[in-house]
Structure formats: C-alpha cells, structure tokens
Amino acid sequence: MGMTMTQKILAKHAGVPAVEPGDLIICNVDMVLANDITAPPAIAEFKKIGRPVFDKTKIALVPDHFTPNKDIKSAGLAKIVRDFVKEHAIVHYFEVGRVGIEHVLLPEQGIVGPGMVTIGADSHTCTYGALGGFSTGVGSTDLGVAMATGKAWFKVPDAIQVRLTGEKPEDITGKDVMLTLIGMIGVDGALYKSLEFTGPGVASLDMTDRFTIANMAIEGGAKNGIFPVDEQTMAYEKGRFPDGYEAVTADDDAHYCRTVDIDLSKLQPVVAFPHLPENTKVVGTFGDIKINQVVIGSCTNGRLEDLRIAADIFKGRSVHPDVRCIVIPGSQSVYMEAMKAGYIETFITAGCAVSTPTCGPCLGGYMGILAAGERCVSTTNRNFRGRMGHVDSEVYLAGPQVAAASAILGKIAAPKEVR
Amino acid sequence: MVLEGKVWRYGDNIDTDVIIPARYLNSFDPKELASHCMVDIDETFAENVQKGDIMVGGHNFGCGSSREHAPIAIKASGIPVIIAASFARIFYRNAINVGLPVLEIGDAVNSIKAGDVVNVDLEKGTIVDQTTGDTFQARPLPGFVQDIAAAGGLINYIKGAKAHE
C-alpha cells in the first residue's frame with residue numbers, strides 16, 4: 001500500500017521501509033521545542049532520567065507565552081529555562097528582545113524545515129507542516145524524554161486528504177480556508193489523523209496562508225497538517241534552511257480515509273463564533289455583533305503578510321472609539337520589517353496598541369484580558385469559554401482582514417464594508 | 001486494580017483551558033493546579049471532589065492546548081481514572097505519560113450520569129455502573145502503550161525499558 005507524506009517521513013525517521021496506519025513506532029526527532037510554560041515541567045522530568053541532553057543543537061527553548069514576564073511566578077518559570085539553557089549550552093534559545101512567538105520564529109530562523117520530524121510541547125507545533133515536515137504537539141513528559149533520548153513514540157496516523165482547487169480570491173486568507181474546513185469536519189473531525197493538503201489550489205496559497213492553515217490542524221483534532229514542498233516552499237527556504245532537504249511526496253496509491261474538497265474561488269470571509277473553532281459563519285450572514293476588542297497577531301496570524309493585510313485596511317482609517325485594537329508582530333524580524341514598510345506607523349496612527357512579540361492575550365495570559373460580557377474579534381486560534389479572560393467573555397476567530405475591518409467599524413465586518 | 005468512585009460528569013469537547021485555565025499556568029505545582037481544576041465550568045469541583053471520585057466526559061475530552069498541567073491537575077485532585085467517549089490525542093498521551101489511566105468507551109458513555117457510583121477494573125478495562133447496573137468495555141491500549149501505563153507513566157517506563165535505547 002502506498003504512503004502519505006506523513007507516513008513516509010515517519011517511516012524514514014523510524015528506520016523502516018514502510019509503515020501503515022495504527023503501527024506503533026519509535027522515531028528519531030530532528031528538533032524538540034518547548035516554551036516558558038511547558039519547558040519547566042519538561043526539565044523536571046528530564047532530570048529524573050539522569051542523562052545528558054541528546055543534542056544541544058536539536059533543542060529549541062522559546063520563552064514566548066508570559067514574556068516579558070507578567071508576574072513573579074512567570075519570571076521564575078523563565079529563569080528555570082534560562083538556567084537550563086546555560087547548564088546544557090542549548091544553542092536555540094531566544095531571550096526577550098530577540099524572542100518571537102515560537103511558531104513564527106522557528107521557521108523564520110530556518111530551525112525547522114522540510115522532511116523534519118519536530119515535536120513541541122505546544123499544541124500549535126503542527127505549524128511546520130506548512131514546510132513539508134512532520135510536526136506535532138506533545139506534553140512536557142514526552143518533551144523531557146526526547147531531550148534525553150532524541151526519540152519519541154507515535155501511532156502512525158491515517159490521513160484525510162484536503163483537495164484544494166481554484167484560486168484564492170482577493171480578501172480571502174489562509175484563516176478563511178482553515179475555519180471553513182474546520183466548520184466542515186468539526187473540532188474532532190481529524191482526531192488522531194493527519195490532514196494532507198493537496199491539489200492545484202495549493203499553488204495560490206502563499207507561505208503565510210499555509211502556516212496559518214497547518215497551525216490550526218490541531219483545531220480539527222489532527223495530529224498534524226502537511227503541505228507538499230513546491231516552488232514557493234523552496235523560495236522561502238532559500239538562504240534560510242540548509243540545501244539538500246528532501247521534498248517528500250505522497251505515493252499515487254496512498255490511502256486516505258476521507259477526501260474533503262474545497263474550491264478556493266468560492267470562499268468568503270468567515271468568523272468562528274464562540275465557543276468552538278467549528279462554529280464557522282460567513283461574515284454578512286448574521287446581524288450586527290458589536291465588539292470591544294480586536295487582537296491581530298499570534299502564531300496563527302502574526303507574520304508580515306498578516307500585518308500587511310491589516311495595515312492596508314487601516315490606512316487612512318481609525319479604530320472605532322469603543323474598540324481597543326492590539327497588534328502583536330510575531331517576531332522581532334516581523335516587527336522590524338513592518339516598521340520599515342510603514343505598517344507600524346499606520347497601526348499607531350489608526351489608534352492601535354502595538355506590542356513586543358508575545359503569546360499574551362491568545363491564551364488569556366496578559367496584554368488584553370477580557371472582562372465579563374466583552375467580545376473580541378481575534379486572529380488567534382481558539383475561542384473556548386474563558387480562553388481570553390472572563391468565563392463570560394466571547395472570542396470570535398477571524399483572519400487579519402476581518403479583524404481590521406471589525407476594529408474600524410466596531411462590529412464584525414468584512415473588508416468590503418470599510419472600503 | 002479495581003477502583004470504585006462517584007462520577008463527576010462533563011460533556012463533549014472539554015478543553016484544557018477549562019480543565020486548568022492559562023492564568024494559573026505560572027505554576028506547575030500539582031496541588032496548586034488541583035485547587036483551580038475545572039473552575040471555569042464547575043466551581044464546585046475543586047472544593048468538593050473526594051479522593052477516588054471518577055471523571056466522565058463525552059467526545060474529544062482534553063482538546064486544545066498541549067499543557068500537561070491538565071491531566072496533572074485532574075490527577076492531583078484525587079481522580080484515579082477518566083472515562084470518556086473519546087479523548088483528544090495530546091491529552092490522551094499526556095494522561096498515560098503522567099500515570100493517569102484513560103478509558104475510551106464511545107457513545108455508550110451517555111448512560112453514565114453525574115453522581116452514579118462506578119467500578120473500574122483497570123487491567124480488564126471493564127466498567128460497571130453500580131447505580132444503573134450497566135456494564136462497559138473500554139478499548140484496550142495498543143502495544144507498548146500498555147507497558148507505559150502499567151509502569152505508571154513514561155519516565156518509569158524509560159528508566160526500566162529498552163524501547164527508547
């Protein structure tokens with residue numbers, strides 16, 4: 001039986017010629033990742049094993065969730081990570097001022113790339129599937145064990161093929177593609193499976209779209225999401241990731257347990273209503289929903305192109321008087337490029353708050369917590385009850401174009417409503 | 001080992017943000033995490049849960065974030081096993097890795113109600129609802145995952161086994 005992209009990468013890293021769905025395998029991992037919340041417990045588990053780190057160049061520690069530290073306890077967590085980095089001479093560590101949101105930073109720095117197996121103690125580690133690698137989220141114990149052994153166990157996943165056709169129209173982003181897909185399959189529609197994106201439509205998705213889509217594979221319950229390597233991937237990796245990588249392709253007779261077809265040309269801007277990412281609705285098909293806050297950023301939509309899209313809409317317009325709009329570039333490099341391109345000036349002129357990179361508000365950490373009864377349109381990835389603050393607050397997930405338009409009009413809106 | 005306990009019943013898509021909200025993730029002390037467990041959907045849980053009580057959920061239990069703090073908070077609350085229709089995959093792995101048994105029984109879970117007393121035989125994967133008399137058979141854990149669970153978690157397993165050598 002033929003193999004999917006995911007199955008081929010896993011087989012190679014398990015040192016076997018072929019795998020089948022359901023096989024239990026032990027793989028060599030190429031990169032292991034943790035952040036300031038998940039690394040401290042991983043370090044505690046690592047110490048119980050009593051071995052040195054397997055490879056100081058294959059561990060990435062990215063303190064991005066509660067940094068710059070929001071309180072004394074979170075400063076203590078960051079210190080545990082910093083001390084560990086010094087003790088074990090970990091190469092890929094990023095201090096405040098250099099750090100970015102992990103899933104924006106690692107691809108940007110060429111630390112993850114095509115064909116790699118990456119595990120991360122963060123559920124959105126699946127982002128790197130955009131580059132044609134296998135990457136998935138694990139917990140701190142798995143991570144601690146991998147730091148000592150360089151290995152992780154997996155059950156080989158079955159796959160859902162997402163066949164993309166048509167060209168992405170103007171005002172549609174990767175977020176609209178993914179929220180539409182999650183609306184179709186549900187938040188557990190891809191449970192234990194990989195989402196394999198294929199078809200001629202892939203070519204009309206830029207790398208930013210692909211990162212956003214792969215990032216939210218977990219929101220469909222998936223183990224990973226993966227794109228084929230094409231000319232755009234190769235152009236992105238040029239000068240960033242070492243040459244000689246393998247562009248893994250699925251076999252012609254690869255088995256998919258389900259195929260989902262999406263015609264990109266028919267998509268419209270969407271939002272996901274509280275309190276699940278599957279509650280997808282087309283903007284304009286519901287009545288006025290007034291909002292109090294907008295967040296533009298995160299590992300889902302904190303890249304330069306996301307900021308360009310938002311800045312394009314904010315140009316010459318202002319944030320609605322009743323709205324706080326918080327813009328968070330995903331990395332220092334994104335921040336710098338956005339500044340050079342004039343986007344930051346546009347945001348500040350429009351009345352947005354611009355923050356240093358942090359996960360902050362996405363998980364209700366800090367930098368934009370909601371009060372009871374408040375509503376936020378957010379380019380982040382989860383709208384669970386209480387995710388961004390009070391248990392009686394509401395998060396509506398959207399792409400950067402809908403978020404910017406909503407910030408201007410003070411209600412959930414499509415970009416065409418402000419132009 | 002046979003467990004017996006009173007059921008705390010929750011629904012579908014219980015996410016790790018409600019199991020332990022991120023505002024409490026500035027600590028990874030199990031007791032402190034347990035003191036906030038489930039607070040956003042059930043303020044009575046942390047205060048009233050008794051050691052040996054059993055948690056029962058619907059589909060996709062533990063979806064969302066990879067925070068291992070979630071199964072740790074539940075385990076430190078005194079819950080010795082979770083029964084659900086299905087589990088989200090990272091939570092499932094994490095629960096086994098930290099030595100918290102998880103049993104999947106599909107839609108049959110619908111007949112277990114809050115406050116029922118259930119018996120669980122962990123070796124056999126059998127569940128008896130003492131209140132209704134219903135019996136259930138959980139799907140067995142695959143291959144060496146059984147050994148990880150039997151060792152009480154991944155660290156014990158790694159220290160004792162050769163699989164990761």
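Asks: Any details on the overall build of chain A? Residues and values, ideally.
Replies: Helix and strand counts for chain A come out as 13 helices and 18 strands. Structurally, chain A occupies a C-alpha span of about 60 × 50 × 40 Å along its principal axes. Here chain A, with 419 residues, has 64% of them falling under the buried criterion. If you take every contact in chain A between residues at least 6 apart in sequence, the share linking residues at least 24 apart comes to 77%. Put simply, chain A shows about 13800 Å² of open surface, and 51% of that area lies on carbon and sulfur atoms.

Asks: Explain the sheet that holds strand β4 (residues 102–104) of chain B residue by residue, including any values.
Replies: Pairing between the strands of a sheet comes from backbone hydrogen bonds, and it takes one of two forms, parallel or antiparallel. Residue and element names in this part refer to chain B. The mixed open sheet is built from seven strands, whose spatial order is β4-β3-β2-β1-β5-β6-β7. A strand with exactly one partner marks an edge of an open sheet, and here the two such strands are β4 and β7 (135–137). Between one strand and the next, the sheet's axes are offset by a mean angle of 30 degrees, whatever the strand orientation.

Asks: Which residues make up the sheet that holds strand β15 (residues 324–328) of chain A, and what values go with them?
Replies: All names here are of chain A. Within the open sheet, the seven strands sit side by side as β13-β12-β18-β17-β14-β15-β16. Their pairing is mixed. Sheet topology places β13 (280–282) and β16 (353–354) at the edges, where each strand pairs with a single neighbour. Bridge analysis of strand β12 (residues 270–272) against strand β18 (residues 394–398) gives two bridges, and the strand direction is antiparallel. The partner of Ala272 across the bridge, within β18, is Leu397. Seen against the sheet, helix α13 (residues 400–409) touches β12, β14 (293–297), β15, β17 (375–378) and β18 and runs at an angle of roughly 150 degrees to β14.

Asks: Describe the domain arrangement of chain A, naming the residues involved and giving the relevant values.
Replies: Residues and elements named next belong to chain A. Looking at chain A, the domain boundaries give domain 1 (5–246 + 253–264) and domain 2 (270–417). At the interface, 38 residues of domain 1 touch 41 residues of domain 2. Approximately 3000 Å² of surface area, both sides summed, lies buried where domain 1 meets domain 2, with 60% of it carried by carbon and sulfur atoms. Together, Ile101, Lys175 and Leu179 form the three largest contributors to the area buried by domain 1 at its contact with domain 2, with a combined 20%. Here domain 1 and domain 2 share one salt bridge between them. Of the charged contacts in the structure, one is a salt bridge between Glu219 and Arg382, with a shortest N-O distance of 2.5 Å. Linking domain 1 with domain 2 are 25 residue pairs in polar contact (both at pLDDT 80 or more).

Asks: Can you break down the pattern of salt bridges residue by residue, with the values?
Replies: All names here are of chain A. All chains considered together, the criterion is met by 24 salt bridges over all chains. With its nearest N and O atoms 3.4 Å apart, the salt bridge here joins Asp71 to Lys70. The shortest N-O distance in the salt bridge between Arg419 and Asp171 comes to 2.9 Å. With Arg419 in the segment after α13 and Asp171 in the loop between β8 (159–165) and α6 (174–185), the pair connects residues that are 248 residues apart, well separated along the chain. On the basis of relative accessible area, Asp171 is assigned to the partly exposed category, the value being 22%.

Asks: Any chance you could break down the packing of helix α10 (residues 304–314) of chain A against α13(A) for me, citing the residues and the numbers?
Replies: Residues and elements named next belong to chain A. Running from N to C, α10 and α13 cross one another at 30 degrees; their axes reach a closest spacing of 8 Å. When the axes of α10 and α13 are compared, the pair comes out roughly parallel. Here the hand of the crossing between α10 and α13 comes out right-handed. Listed contacts from α13 to Asp306, Ile309, Ala310, Ile313 and Phe314 of α10 are Pro400, Gln401, Ala404, Ala405, Ala407 and Ile408.

Asks: Give a description of the environment of A:Glu345 that names residues and reports values.
Replies: Among the structural elements, A:Glu345 can be located in helix α12 (residues 343–350). Counting along the chain gives 34 residues from A:Glu345 to A:Ala311, while the straight-line C-alpha distance between them is 9.1 Å.

Asks: Any details on the packing of aromatic side chains? Residues and values, ideally.
Replies: The description of two aromatic rings rests on the distance between their centres and on the angle between their planes. Inspection of every chain in the model, using the stated rule, returns 16 aromatic pairs over all chains. Aromatic side chains A:Tyr192 and B:Tyr92 sit 6.3 Å apart centroid to centroid with 70 degrees between the ring planes, which places their arrangement in the edge-to-face category. Here the residue A:Tyr192 occupies a position in the loop between α6 and β9 (194–198), and B:Tyr92 occupies one in helix α5 (residues 89–97), the pair thus bridging two chains. With a relative accessible area of 25%, A:Tyr192 lands in the partly exposed category. When its relative accessible area of 14% is taken as the criterion, B:Tyr92 is described as buried. Ring geometry for A:Phe197 and A:Phe227: centres 4.7 Å apart, planes at 10 degrees, overall stacked.

Thresholds, definitions, all that
Residues numbered from 1 in each chain as written. Chains lettered and ligands numbered in written order. Predicted model: local features only at pLDDT ≥ 70, side-chain atom pairs only at ≥ 80, totals over all residues. Heavy atoms only, no water. Helix = DSSP H or I, 4+ residues; strand = E, 2+ residues; numbered from the N terminus. Buried < 20%, exposed > 50% of the residue type's maximum accessible area, 1.4 Å probe, protein only. Contact = heavy atoms within 4.5 Å. Areas by Shrake-Rupley, 256 points an atom, 1.4 Å probe, with all protein chains shown as cover. Pairing = 2+ DSSP bridges. Axes fitted to C-alpha atoms, helices over the stretch in contact; angles between N-to-C directions. Domains from an automatic or database assignment. Buried area = accessible area lost by both parts, 1.4 Å probe. Salt bridge = Lys/Arg side-chain N within 4 Å of Asp/Glu carboxyl O. Polar contact = N/O pair within 3.5 Å; in protein donor to acceptor, adjacent residues only side chain to side chain. Parallel < 35°, antiparallel > 145°, perpendicular 65-115°, else oblique. Left-handed = near helix turned anticlockwise from the far one by under 90°. Phe/Tyr/Trp six-rings, centres within 6.5 Å; stacked < 30°, edge-to-face > 60°.

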